[in-house]
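# Descriptive structure summary
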Amino acid sequence: LDLDGTEVKRAGLFNKGKVVNESAWPGAKVLVAKAGDIIPQIYEIVKKSNIPGQIPTECTSCGDTLYEEGVHLWCLNDDCPAQVLSKLESGIRMFKVQKVGQSAIKKLYAAGIKRVEDFFDKKKFNKSNLIRSGQFVDGRSLDIILDAVNNVDSVQLVHVIQSMKIVNVGEAVSKQVAKKMSDLEYDTK
């Protein structure tokens, strides 16, 4: 499936409750859109599946046991490739890095850029290292990525906190933590 210039092989659904309640198992007809212009997500179930499914108990990326909390399943392995890649994507989005899509992010990950802070480590994130990784070739595409990261001149603390993708820490909590860290008044509720 081609979605806004990206080949999509799979799309995420936000929680197991939605999968179970909407019968979003294989065979369901769904509408897919890019969340944040990057991550393919199912946003509507058009036709429920007739095939009964089973909720996974192990992470499909690293094999660790999944932790269940209400309607959510979490992989708590900090080294899980899917978790690391997701944090990298989130950091790129939170830091407002332009013109770096999902396929480039996967190549950056494969090239050894595992955390958003690696972008600011000039020993890791430089043209010669990226080319040496075998993931990139010298040319305009690589220059666009390098320029996009180099054009980030400042990042708000709230976005740094959000980019960490800490379980149960969304935008509202990130704002409160940023205020506390900045010695500003904050809401203790």
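Along each chain, residue indices are assigned from 1 in the same order as the chain's sequence is written. Residue-level local features of this predicted model are given only where pLDDT is at least 70; pairs of side-chain atoms are given and counted only at 80 or more, and the full residue set underlies all totals for whole chains, interfaces and linings. Excluding hydrogens and water, the side-chain figures rest on all heavy atoms present in the structure.

## Topic: the overall build of the protein
For the purposes of this entry, the term helix denotes a DSSP run of H or I that reaches at least four residues, the term strand denotes a run of E that reaches at least two, and both are numbered from the N terminus. Scanning the protein for helices and strands turns up 7 helices and 6 strands. Shown N-terminal to C-terminal, the secondary structure of the protein runs as helices and strands in the order β-β-α-β-β-β-β-α-α-α-α-α-α. In terms of its C-alpha atoms, the protein occupies a principal-axis envelope of roughly 50 × 45 × 30 Å. The buried share of the protein, reckoned over its 189 residues, is 31%. What makes two residues a contact is simply this: any of their non-hydrogen atoms within 4.5 Å. Considering only intrachain contacts with a sequence separation of at least 6, the fraction spanning at least 24 residues in the protein is 45%. By element, 50% of the accessible surface of the protein is carried by carbon and sulfur atoms, the whole surface being about 12300 Å². Under this rule, positive means Lys or Arg and negative means Asp or Glu; His and the chain ends count for nothing. Charge coordinates come from a single atom per side chain, which is NZ of Lys, CZ of Arg, CG of Asp or CD of Glu. In the protein, which carries 27 positive and 24 negative side-chain charges, the distance between the mean positions of the two groups comes to 3 Å. Only protein chains enter the accessibility calculation, which uses a 1.4 Å probe; a residue is then buried when its area is under 20% of its type maximum, exposed when over 50%, and partly exposed in between. With residues, only the protein chains shown are counted as cover, and all accessible areas are computed by Shrake-Rupley using a 1.4 Å probe.

## Details of helix α2 (residues 81–94)
Expected helix span is taken as 1.5 Å per residue step, with the number of steps being one fewer than the number of residues. With 14 residues, α2 ought to run about 20 Å at 1.5 Å a step, and its terminal C-alpha atoms sit 20 Å apart, in line with that. Here α2 has its buried residues at Val84, Leu85, Leu88, Glu89, Ser90, Gly91, Ile92 and Met94. For α2, the elements touching its buried residues are β4 (39–47), α3 (102–110) and α6 (157–163).

## Some words on unusual backbone geometry
We note that Ser23 has phi near 50°; this positive angle belongs to a residue other than glycine. Among the secondary structure elements, Ser23 is positioned in the loop between α1 (16–22) and β3 (29–35). Backbone geometry at Lys99 places phi at a positive 65°, although glycine is not the residue there. Counting through the fold element by element, Lys99 comes out in the loop between α2 and α3. You can call Lys99 exposed: its relative accessible area is 71%.

## What to know about the nonpolar core
The biggest cluster of nonpolar side chains holds 24 residues, and the ones touching the most others in it are Val97, Val100, Leu108, Phe119, Phe125 and Leu130. Residue assignment for this core shows that the elements contributing at least two residues are α2, α3 and α5 (140–150). We call a set of buried Ala, Val, Leu, Ile, Met, Phe, Trp, Tyr and Cys residues a nonpolar core when their side-chain atoms join them within 4.5 Å.

## So, the confidence of the model for the protein
Taken as a whole, the protein shows an average pLDDT of 85; of its residues, 94% reach a score of 70 or greater. Confidence scores differ between elements of the protein, with strand β1 (residues 2–3) showing the lowest mean pLDDT of 71 and helix α4 (residues 127–132) the highest of 96. Summary of the metric used: pLDDT quantifies the predictor's per-residue confidence within the range 0 to 100.

## A short note on the side chain of Asn77
Examined against the element boundaries, Asn77 turns out to sit in the loop between β6 (72–74) and α2. Here a polar contact is recorded for every N or O atom pair within 3.5 Å, except that within protein the pair must consist of a potential hydrogen donor and a potential acceptor, and residues adjacent in sequence are included only if both atoms are side-chain atoms. A distance of 2.8 Å separates the side chain of Asn77 from the backbone nitrogen of Asp79, its partner in a polar contact.

## Quick look at the state of the cysteines
Count a disulfide wherever a pair of cysteine sulfur atoms falls within 2.5 Å. Applying the stated criterion to the full structure yields 0 disulfides. Left without a disulfide partner, Cys59 is nearest to the cysteine sulfur of Cys80, which lies 3.6 Å away. Note on Cys59: relative accessible area 11%, which makes it buried. Free cysteine: Cys75, not disulfide-bonded; nearest cysteine sulfur from Cys62 at 3.6 Å.

## Notes on a nonpolar patch on the surface
There is a patch of nonpolar side chains on the surface, built from Leu157, Val173, Val177 and Met181 and spanning about 300 Å² of accessible area. Looking at the nonpolar patch, the element that brings in the most residues is helix α7 (residues 171–181), giving 3 residues. On the secondary structure map, Val173 appears in helix α7. Within this analysis, patches are made of residues with over 30% relative accessible area and no salt bridge. Like charges are joined at 9 Å or less; nonpolar side chains (Val, Leu, Ile, Met, Phe, Trp, Tyr) at 5 Å or less. We count a salt bridge whenever a side-chain nitrogen from Lys or Arg sits within 4 Å of a carboxyl oxygen from Asp or Glu.

## Describing the environment of Ile39
By the secondary structure assignment, Ile39 is in strand β4. The class for Ile39 is partly exposed, based on a relative accessible area of 24%. In this structure the C-alpha to C-alpha distance between Ile39 and Thr6, which are 33 residues apart in sequence, comes to 10 Å. Each residue touching Ile39, except ones within four places of it in the same chain, is listed here: Ala33, Lys34, Glu89 and Arg93.

## Structural notes on the pattern of salt bridges
Under the defined criterion, the tally for this structure stands at 7 salt bridges. Notably, a salt bridge pairs Lys127 with Asp138, separated by 3.1 Å at the nearest N-O pair. Of this pair, Lys127 sits in helix α4 while Asp138 sits in the loop between α4 and α5; the two residues are 11 residues apart in sequence, bridging distant segments of the chain. According to the relative accessible area criterion, Lys127 is partly exposed, its value standing at 31%. With a shortest N-O distance of 2.8 Å, Asp143 and Lys127 are connected by a salt bridge. Here Asp143 is found in helix α5, whereas its partner Lys127 is found in helix α4, with 16 residues between them in sequence.

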